[in-house]
2 protein chains.
Amino acid sequence: MYDYIEILMHIAKKGLFDVIKTSTLKIASELDVSQQTVSRDLRDMEKLGLIKREATPNGISIVLDEKGIDFLKKHFNELNKIFERKKELCGLITKGIGEGSYYVGLDGYQGQFKKKLGFKAYPGTLNIKVDEKDALSFLNSSEMIGISDFSTKKRTYGTLKCYKIKINGINGAIVVPERARHGKEIIEIIAPVYLRDKLGLKENQKVKLSL
Amino acid sequence: MYDYIEILMHIAKKGLFDVIKTSTLKIASELDVSQQTVSRDLRDMEKLGLIKREATPNGISIVLDEKGIDFLKKHFNELNKIFERKKELCGLITKGIGEGSYYVGLDGYQGQFKKKLGFKAYPGTLNIKVDEKDALSFLNSSEMIGISDFSTKKRTYGTLKCYKIKINGINGAIVVPERARHGKEIIEIIAPVYLRDKLGLKENQKVKLSL
DNA sequence: ATTACTAACAGGCGAGTAA
DNA sequence: TTTACTCGCCTGTTAGTAA
């Protein structure tokens, strides 16, 4: 069944319920295989009940049949489970290693923060200790915003990956340096305000991040 | 890339970010191929950067690598577009052909309606003319509730597919006979009340169905 | 137990071509 | 132009084993 997923996807993209008028040669070039392979595959797929097909001397009409749609649907459901969105992430306030504070304050970053995140960052990061897998799932389900690298006369500052979040309700962003200095069990948060004061946070206190 | 989708899915199902401890033989039997094929494929996938792999004389550890996750994610996004949920469906009130009215009133169906849909149906159907493709998309994004067939001494009554909906805000259900008597450009609605009166509906009036 | 090499084999692929 | 058949080739698969 998975043998045909590429062709199934190709048809489905043009319309899950539409009758596609095309030709084996066209599909062949789109999928980068030979006309003969497409012809054979489509006939096989018809036999399996994945598609309905009508071949004429000047083209071919295809629609997904019930089994084809069901297969894609089932496959889609599996992916849905795999990518199940994590909408919250909990962690504990942790002592910063101090590095982030310096970097995020730099103008080369601040301009981009303002433009891409909508705020200038308080020059310091709040470090939060989280479960690494939970963090990955959480980050995975939010949109990555790229912050470009830049150089001064002295040195180069690397690119950052940012993810907009709310922390205890306040807007902020997770910042992940491309070249991470620590593992992903500690994440760094920036925000337009000094979060420790604003939220009255203390060491080891629990906080909740949301999308 | 699609060559490896089955194995990628297999790994991802066990945990998108987890290190899977398993063996080539185990995967082989789960995917119904030979141990050698799994071994070769995993090595190839590692070369392509789809997974990270650690093989020992007593098993193998696998994690999805960045490229593998990206591929699945991209694929997932394509499916998301394909199955984009239609949350509303508009149509025009149409004269019933009258058949439905008789059937839905039968006890063999009514008991199941009560149990599975939560209401006994007013013995009549409201017929709505809709765009066939829109209808398919709409039905496709709502859950199918199966109503079993049953027999009397005289004859057999076929199975029905039902889909819970709201029509102009009132709870009801679309009923599709397994053996459709008319094309899918006309759909039949049942509800606990007589919809024509309740909603003050007239021929050719526009109505809105929602999930 | 494992993984993975080698070698034999089967089946899929595409070039050529008929209809 | 099409689709689709035949057939040779080559790739991917598996059986047998080594490590």
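About the thresholds
Residues numbered from 1 in each chain as written. Chains lettered and ligands numbered in written order. Predicted model: local features only at pLDDT ≥ 70, side-chain atom pairs only at ≥ 80, totals over all residues. Heavy atoms only, no water. Salt bridge = Lys/Arg side-chain N within 4 Å of Asp/Glu carboxyl O. Helix = DSSP H or I, 4+ residues; strand = E, 2+ residues; numbered from the N terminus. Buried < 20%, exposed > 50% of the residue type's maximum accessible area, 1.4 Å probe, protein only. Near = heavy atom within 4 Å. Polar contact = N/O pair within 3.5 Å; in protein donor to acceptor, adjacent residues only side chain to side chain. Nonpolar A, V, L, I, M, F, W, Y, C, P; charged D, E, K, R; others polar. Domains from an automatic or database assignment. Least-squares fit on C-alpha atoms with pLDDT ≥ 70 in both. Contact = heavy atoms within 4.5 Å. Pairing = 2+ DSSP bridges. Axes fitted to C-alpha atoms, helices over the stretch in contact; angles between N-to-C directions. 1 Å grid on protein atoms, 1.4 Å probe; cavity = no way out; pocket = protein on both sides within 12 Å on 5 of 7 lines; lining within 4 Å. Points joined across faces, edges and corners; volume = space filled by probe spheres on them.

## Brief notes about the pattern of salt bridges
Okay, step 1: The tally for this structure, following the rule as stated, stands at 14 salt bridges over all chains.
Okay, step 2: When the shortest N-O distance is used, the salt bridge between E78(A) and K13(B) registers 3.4 Å. In this pair, E78(A) is assigned in helix α4 (residues 66–82) and K13(B) in helix α1 (residues 5–14), connecting two distinct chains.
Okay, step 3: Taking the relative accessible area as the measure of exposure, E78(A) reaches 19% and is therefore buried.
Okay, step 4: K13(B) gets classed as partly exposed once you look at its relative accessible area, which sits at 48%.
Okay, step 5: Between R196(A) and E203(A) there is a salt bridge, with the nearest N and O atoms lying 3.7 Å from each other.
Okay, step 6: You can call R196(A) partly exposed: its relative accessible area is 23%.
Okay, step 7: For E203(A), a relative accessible area of 40% gives the class partly exposed.

## Remarks on the protein's contact with DNA strand C
Okay, step 1: Among the 18 residues in the neighbourhood of DNA strand C, the closest are listed as Q36(A), T37(A), T24(B), R43(B) and P57(B).
Okay, step 2: For DNA strand C, the backbone portion of the atoms within 4 Å of the protein, that is sugar and phosphate, comes to 55%.
Okay, step 3: Taking S34(A), its side chain carries an N or O atom lying 2.7 Å from a phosphate oxygen of DNA strand C.
Okay, step 4: Between P57(B) and DNA strand C, the recorded distance is 3.0 Å, taken from a backbone N or O atom to a sugar or linking oxygen.
Okay, step 5: Those elements that place two or more of their residues in the surface near DNA strand C are α3 (35–47) of chain A together with α3 (35–47), β2 (51–56) and β3 (59–64) of chain B.
Okay, step 6: Here the surface near DNA strand C gets four residues from one element, more than from any other, and that element is α3(B).
Okay, step 7: A per-class count over the surface near DNA strand C returns four nonpolar, 11 polar and three charged.

## Some points on the domain arrangement of chain A
Frequently, the measure chosen for interface size is the accessible area that the parts lose on association.
Okay, step 1: What the domain assignment reports for chain A is domain 1 (2–83) and domain 2 (88–210).
Okay, step 2: Here the C-alpha centroids of domain 1 of chain A and domain 2 of chain A sit 44 Å apart.

## Some remarks on the protein's contact with DNA strand D
Okay, step 1: Taken together, 18 residues are adjacent to DNA strand D, and T24(A), R43(A), P57(A), S34(B) and T37(B) come closest.
Okay, step 2: Sugar and phosphate atoms represent 56% of those atoms of DNA strand D found within 4 Å of the protein.
Okay, step 3: Taking Q35(A), its side chain carries an N or O atom lying 2.9 Å from a base nitrogen of DNA strand D.
Okay, step 4: Take Q36(B): an N or O atom from its side chain is 2.7 Å from a base nitrogen of DNA strand D.
Okay, step 5: At the level of elements, α3, β2 (51–56) and β3 (59–64) of chain A together with α3 of chain B are the ones that each hand at least two residues to the surface near DNA strand D.
Okay, step 6: Among the residues forming the surface near DNA strand D, the class breakdown is four nonpolar, 10 polar and four charged.

## A closer look at the relation of the copies chain A and chain B
One copy of the chain maps onto the other through a rotation about an axis followed by a shift along the same axis.
Okay, step 1: Mapping chain A onto chain B leaves a residual RMSD of 0.2 Å; the transformation is a rotation of 180° accompanied by 0.1 Å of translation along its axis. Read as a symmetry element, the transformation amounts to a two-fold axis. Measuring from the rotation axis to each C-alpha of chain A, the shortest distance belongs to F76(A), at 3.5 Å.
Okay, step 2: The overlap is high: 100% of the interface residues of chain A also sit at the interface in chain B, so the same surface is used on both sides.

## Re the sheet that holds strand β1 (residues 20–22) of chain A
All names here are of chain A.
Okay, step 1: Read across the sheet, three strands follow the order β1-β3-β2 without closing on themselves; strand pairing throughout is antiparallel. In this open sheet, the two edge strands, each paired with only one partner strand, are β1 and β2. Looking at each pair of strands side by side, their axes are set apart by 20° on average, direction ignored.
Okay, step 2: Direction of pairing for β2 relative to β3: antiparallel, over a ladder of six bridges. From the neighbouring strand, I51 faces β3, where its bridge partner is L64.

## Details of the layout of surface pockets
Okay, step 1: If you add up the space inside the largest pocket, you get close to 880 Å³.
Okay, step 2: As for the largest pocket, its lining consists of 32 residues, of which F17(A), E66(A), L136(B), K161(B) and K184(B) are closest to the centre.
Okay, step 3: At the level of secondary structure, the elements contributing two or more residues to the lining of the largest pocket comprise β3 and α4 of chain A together with α7 (132–140), β9 (160–167), β10 (170–177) and β11 (186–190) of chain B.
Okay, step 4: A per-element tally of the lining of the largest pocket places α7(B) first, with six residues.
Okay, step 5: Residues of the lining of the largest pocket, tallied by class, amount to 17 nonpolar, four polar and 11 charged.
Okay, step 6: Space inside the second largest pocket adds up to approximately 710 Å³.
Okay, step 7: In terms of lining, the second largest pocket is formed by 23 residues, of which the most central are L136(A), K161(A), K184(A), F17(B) and E66(B).

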